[in-house]
Amino acid sequence: MTVSVSPGSLEDRKAVIDAFARRHRFKWYEAIPWVAAIASYFAFDSYHALGAQMFATILFALSLDLLIGFAGIVTLGHAAFFGVGAYAAGIMAANGWQEPLSQLLVAAVAASGVGFASGLIVLRTAGLTLLMQTLVVAALLQELANKWSSVTGGSDGLLGMKIDPIFGVFRFDLYGDTAYVYCLVVLFIGWLIARNIVYSSFGRSLTGIRENPNRMHAIGAPVDGRKIAIYTISAALAGVAGAMIAQTTALVGLNTLALSKSGELIIMLVIGGVGQLYGAFIGVPLYMIAQDRFSQIDPIFWYFWIGLFMIFVVVFARGGVLGVCGRLLERRSSR
Amino acid sequence: MSEFLSITISILFHGVAMAMVLYLISVGLSVTMGLMGFVNLAHGAFAMAGGYMLVLLMKQQHWPFGLALLAAIVICVVMSLILERLLYRRLYGGGELDQVLMTMGLIFASVGAATWLFGPVSQSLEPPAMLRGQINFLGRDFPTYRSFLILCGALLVTALWLGLERTRFGAQIRASVDNLRMAQTLGINTSRLFSIAFALGSGLAALGGGLGADFLNVGPNYALEYLVYFLIVVAVGGLGSIRGPFVAALIVGVSDTAFKYLAPQYGAFFIYAITMAILLWRPRGLFGQSA
Amino acid sequence: MSALALETRSLCKNFGALLVANDIHFQLERGARHALIGPNGAGKTSFVNLVTGVLTPSSGAICLGGDEITGLTRAQRVKRGLVRTFQISALFRKLTVLENVTLAIAEREGTANDLLRPAGHHRALIEEAYDLLVPLGLASEALRPVTELAYGRQRMIEIAMALALKPKVLLLDEPAAGVPPRETGAIIETIERLPPDIAVLFIEHDMELVFRVAQRITVLVQGAVLVEGSPAQIAEDPKVRQVYLGESRH
C-alpha cells in the first residue's frame, strides 16, 4: 500500500484509513489450509484417523497461540485445559451420556471454568513464577485425575468409550471418515472464533498488552481483566480440542494433562511460527507427520532429535517457518 | 502419644532427607535465575546426569561410591560449561519464550539421549555396604543411607553458605544478583561469573541427583518428571535467594512426606495447592527480592 | 468545590531510609502551564509515578478535580482524565503509528472491550486517530512501525497518544528528553499549542522550554518542594541559583 508523501490530502487520508480498516478482510491465501484439508480427505484415504487428530491438535495449538503469540502469556500448563476437556467428554461417555456435540459444549464450559479460576491465581504473577504456576495447575489436575480413579480411571484412564452418531446419522467408525469431517468442521468454527478475536479491538489491545503492558495501563486499559478473559477463552478452545481427541480415539489418559503434552504443543506451535494465526496449521502437521514417520523407524530417537531441532530453531531459525518465510519475502521485495 | 511422636519423627526424618536433596539440586537453579535472569528448565537434566553417572559407575564399573560421585560431579560440571558457552550464552537477555523453548528442547534431548543410552527403565541406587542397613540413634532405628544424606546435606549447605558469605566470589555473586549493572561498573567480570555460577549450580545438581537417587528415581524422564518440584522450591523460596530455597525445600520435603504417608489417596495434590497458596500470598517467594 | 485540576497534600514516599517524596504540597490550577524542575534524582519522576499510581504513597492524599484518587488503580485514574507521557518512550514499537494512537482512542471509548466486531469496523476511531496525527506532522508515517521513526518523532507519538485520551490533566515527563536539538522545536511548538482547557504539568531540564511555556514553576530538591512561583521569581531566587550552580544548562 503506497501512500504519497504530501500529508493532509484527502485521498491520502482515505487510503491510509482504508488500508488500516480493512486488515481483517479475508485474503485469498487463507483458503489454502481448508482446500488442502478437503483435498487430503480424498488424496490420503487411509489417514483419516490421523487427520482427525491433527485437526484437533491444530485447534489446541491455535488456542495456545492466542496466549503466547497475541497476549504474550507464556504458559507450560496448557495441557490442563486440554485434559479437562478430554476427561469431561470421557467421563460423560463412560456414564451413559454419549452425544458428541453436547460433550463438546460441556468440555468447553468445564475447561473455561478451570481456566478462569486458575487464571485469577496464575495471572497475578509474571515471568518464571507465572510459568511455574501454570505447571503446578496442570500437575495438580494430573494428580487429581491419577488419584480419583473411581471417576477418571486413574493411571489406566478411560477406554473404549462409545460415542453416539452425530445428529443421530453420522457414525464414528474405525476408519475415521466421520471423525475427519467432524474435527475439520469444529476446527473451522474454532478458527473463525480465534480469527475474529484477533482482529477485533479486544484482540488489538491484547497485542498492546504483549508489547508494552505498562503503556496499556497508562492508556486506561483493564489489563488484568483482559488477560483473564483471553485465558478463559483459550482454555475453552483447548478443552474442545481435548474432547475431540477423546471422542475420536475413544481413549483418555493421564498423558492428556502431562507436561510433555504442553511441551510438545509449544514446540509444534513454534515450528510453524508464533503470533501469526497460521503457525499452528503449519507446525502441527509437520510435527505429527514427522513423528509418525519416525516412530516407524526408531521411536526412541524422536525426543532426542526433536529436542535438538528445537534448539536449532531457537538459535538459527527464529520465528519458525512463517518467520523465516517472512524474512525471505522481505529480502526479496527490498532488492 | 508415643505412636504420634514416632510418626512425627519418621516424617521429619525422611522429609528433611528429601529436603536436602531438593535443595542441593535447586539452589543452582535459583542462583542462575536470579543472576542471569535465565529460565533454565533443563536444570534437572544435570541432576539426572549425576544420578546416572553415579549409579552406573558403581553398578557397571564397580567404582567405589565416593569416587563415582566425584566423577559424576566432574563430568556434569564439564558438560555444563560446554553447554553454557555454546548455547546458553546466546540467549542471555533474550526473550523469555526463547529461553523456555531452548531449555525445553534440551529436556527433550536429554530424555531421548537417556533412553537411548541407558534404556527406558529407572535405575535404582545401591548404597555402598557401609551405608546400608540401619543405625541406632537415641533408641530408634534410622536408615543409614538417609542419615548419611542428612548429615552430608547439612555439611554441604553450611559450606555453601559460608562460602557465599565469606569468600570474594560469594560476595561477587550476591552483588550481581542484587544489581547486575552496578556489579559490572564495579569491574566484576560478570561473563566469567555466570559461567562459574552455572557450573557450580550444575555440579551441585549432579551431586544432589546422585545422592538423591534413592528418593528421585533416575530414569530417562527425570528432567520432565521432577521439574515441577525444582521450580516449586525455587519460586516459593524466592528467585536468586540462597536461603529461601532451603526453607522451601524443607516445606516441600516434609509436607510431601507427611501427606504421602498420612493421606496417600491425595498424593502430591496438597503440595501443589500449598504452593499456589503461598505464591498467591507472596508472589516473589518467601525470601524473594521486592521490585 | 475545588477549582484545582490536581492537588497533592502531604504526599510522602519512602523506600526504607530513602525518602523520594517529602511532605509534598502541590497544586495545579485548571488550564495551567506548570513546570516541575530540579536536579537529577530530585524525585520528579517519582512524583509523577505517585500521582499516576505507579507508586503507592507512604502517606498523603492525591486529588483530581476535587475528588480523592489516592486508592485508584493506574487505569482508573486515566479514565478520570489523568494522563501522562513517559520520559523514555514507552510505545508499542512493533506496531504502526496509527495503531498506537488508535489503541488509546479505543480504550477511551470502551470499544477495546469488543471482541465480536473487527477493529476496522470502528472507522470513526481510526479517522480521529489519523486527524490527531496531522497537526503533529506524523500523518505521512501513519502506517510505519514506530521503531522505524526517528526518536524525536517517537516523542511526538507519546504526546499524540496522550492527547488521544482527551486528558483533563496532562503530565509530560521530560518531553524533549533524548531528542536531538534540531527536533526539539517541533515538540516545543506542540506543547505551546496544547488546548488551553487542559492543565499541563511538565518535567523538564531544558530551561529554554521551561521559561518559554511555563506560567508557574515548582522546584523540587531531594523529594521536597524548595520554592514555587512565577518564572521571574524562580529565575531570581538565590536558593534556586545555588541548587543549579554548576549544573549544565541545555
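Residues numbered from 1 in each chain as written. Chains lettered and ligands numbered in written order. Predicted model: local features only at pLDDT ≥ 70, side-chain atom pairs only at ≥ 80, totals over all residues.

Some details on the overall build of chain A
Move 1: A count of helical and extended segments in chain A gives 15 helices and two strands.
Move 2: Its C-alpha atoms give chain A a radius of gyration of 21 Å, within 12% of the compact-globule value 20 Å for 335 residues.
Move 3: When its C-alpha atoms are laid out on the principal axes, chain A stretches across 70 × 45 × 45 Å.
Move 4: Within the span of chain A, comprising 335 residues, buried residues form 54% of the whole.
Move 5: In chain A, the share of contacts with a sequence separation of at least 24, taken over all contacts with a separation of at least 6, comes to 78%. (Helix = DSSP H or I, 4+ residues; strand = E, 2+ residues; numbered from the N terminus. Rg over C-alpha atoms; globule rule 2.2 N^0.38 Å. Buried ≥ 20, exposed ≤ 12 C-beta atoms within 10 Å, placed from the backbone. Contact = placed C-beta atoms within 7 Å.)

What to know about the overall build of chain C
Move 1: Secondary structure assignment for chain C yields nine helices and ten strands.
Move 2: Whereas a compact globule of 250 residues would reach a radius of gyration of roughly 18 Å, chain C reaches 18 Å, a difference of no more than 12%.
Move 3: With the C-alpha coordinates of chain C rotated into their principal frame, the extents come out at 55 × 40 × 35 Å.
Move 4: The 250 residues of chain C split such that 45% are buried.
Move 5: Taking as baseline every contact in chain C between residues at least 6 positions apart, the subset at least 24 positions apart corresponds to 68%.

Some thoughts on the packing of helix α4 (residues 79-94) of chain A against helix α6 (residues 127-147) of chain A
All names here are of chain A.
Move 1: Two elements in contact, α4 and α6, have axes separated by 8 Å at closest approach and are oriented at 30 degrees. On the basis of their axis angle, the class for α4 and α6 is roughly parallel. Contact residues: A79, A80, G83, V84 and Y87 in α4; V137, A138, L141 and A145 in α6.
Move 2: The residue makeup of the contact of α4 with α6, split by class, is eight nonpolar, one polar and no charged. (Axes fitted to C-alpha atoms, helices over the stretch in contact; angles between N-to-C directions. Parallel < 35°, antiparallel > 145°, perpendicular 65-115°, else oblique. Nonpolar A, V, L, I, M, F, W, Y, C, P; charged D, E, K, R; others polar.)

Quick notes on unusual backbone geometry
Peptide bonds are mostly trans, and most non-glycine residues show a negative phi.
Residue and element names in this part refer to chain C.
Move 1: In the Ramachandran plot, S10 falls in the positive-phi region, its phi being about 50 degrees despite a non-glycine side chain.
Move 2: Along the chain, the position of S10 falls in strand β1 (residues 4-15).
Move 3: What makes S10 partly exposed here is the crowd of 13 C-beta atoms within 10 Å.
Move 4: Of note in this structure, Q222 is not a glycine but carries a positive phi near 50 degrees.
Move 5: Residue placement: Q222 occurs in the loop between β9 (216-221) and β10 (224-229).

Focus: helix α1 (residues 44-52) of chain C
Move 1: In terms of burial, α1 of chain C is a largely internal element, seven of the nine residues being buried.
Move 2: Turning to α1 of chain C, its buried residues are K44, F47, V48, N49, L50, V51 and T52 of chain C.

Considerations on the interface of chain B and chain A
Move 1: Chain B puts 39 residues into the contact, and the matching count from chain A is 38 residues.
Move 2: When residues of the side of chain B that touches chain A are traced back to their parent elements, those giving at least two are α4 (96-118), α10 (227-237) and α12 (269-281) of chain B.
Move 3: Here the side of chain B that touches chain A takes 16 residues from α4 of chain B, the largest share from any one element.
Move 4: For the side of chain B that touches chain A, the per-class residue count stands at 30 nonpolar, six polar and three charged.

Topic: the interface of chain A and chain C
Move 1: Residue-level contacts link 34 residues of chain A with 39 residues of chain C.
Move 2: Elements with a contribution of two residues or more to the side of chain A that touches chain C: α1 (10-21), α8 (177-199), α9 (201-211) and α10 (213-218) of chain A.
Move 3: The dominant element in the side of chain A that touches chain C, judged by the number of residues it contributes, is α9 of chain A, at eight residues.
Move 4: By residue class, the composition of the side of chain A that touches chain C is 16 nonpolar, twelve polar and six charged.

As for the sheet that holds strand β8 (residues 199-203) of chain C
Sheet strands line up and pair through hydrogen bonds in the backbone, either parallel or antiparallel.
Residues and elements named next belong to chain C.
Move 1: One open sheet holds the six strands; their spatial order is β6-β7-β8-β3-β9-β10, and the pairing between them is mixed. Two strands close off the open sheet at either side, each with one partner strand: β6 (82-84) and β10. Averaged over all pairs of adjacent strands, the angle between strand axes in this sheet comes to 20 degrees, irrespective of strand direction.
Move 2: Taken together, the four bridges between strand β3 (residues 33-37) and β9 define a ladder with parallel strand orientation. Bridging from a neighbouring strand, I37 pairs with V219 of β9.
Move 3: Running over the sheet, α1 touches β3, β6, β7 (169-173), β8 and β9 and is turned about 150 degrees from β7. (Pairing = 2+ DSSP bridges.)

Focus: the environment of D214 of chain B
Residues and elements named next belong to chain B.
Move 1: For D214, the location among the structural elements is in the loop between α8 (190-211) and α9 (222-225).
Move 2: Sequence separation of D214 and A49 is 165 residues, and the distance between their C-alpha atoms is 15 Å.
Move 3: In contact with D214, not counting residues within four places along its chain, are L125 and Y145.

Regarding the nonpolar core
Move 1: Counting residues in hydrophobic clusters, the biggest one holds 290 residues, and the most contacted among them are L59, C183 and V240 of chain A, V21 of chain B together with V101, L133 and A160 of chain C.
Move 2: Residues contacting A160 of chain C, with those up to four places away along its chain left out, are V101, L132, L133, L136 and L138 of chain C. (Core = buried A, V, L, I, M, F, W, Y, C linked by C-beta atoms within 7 Å.)

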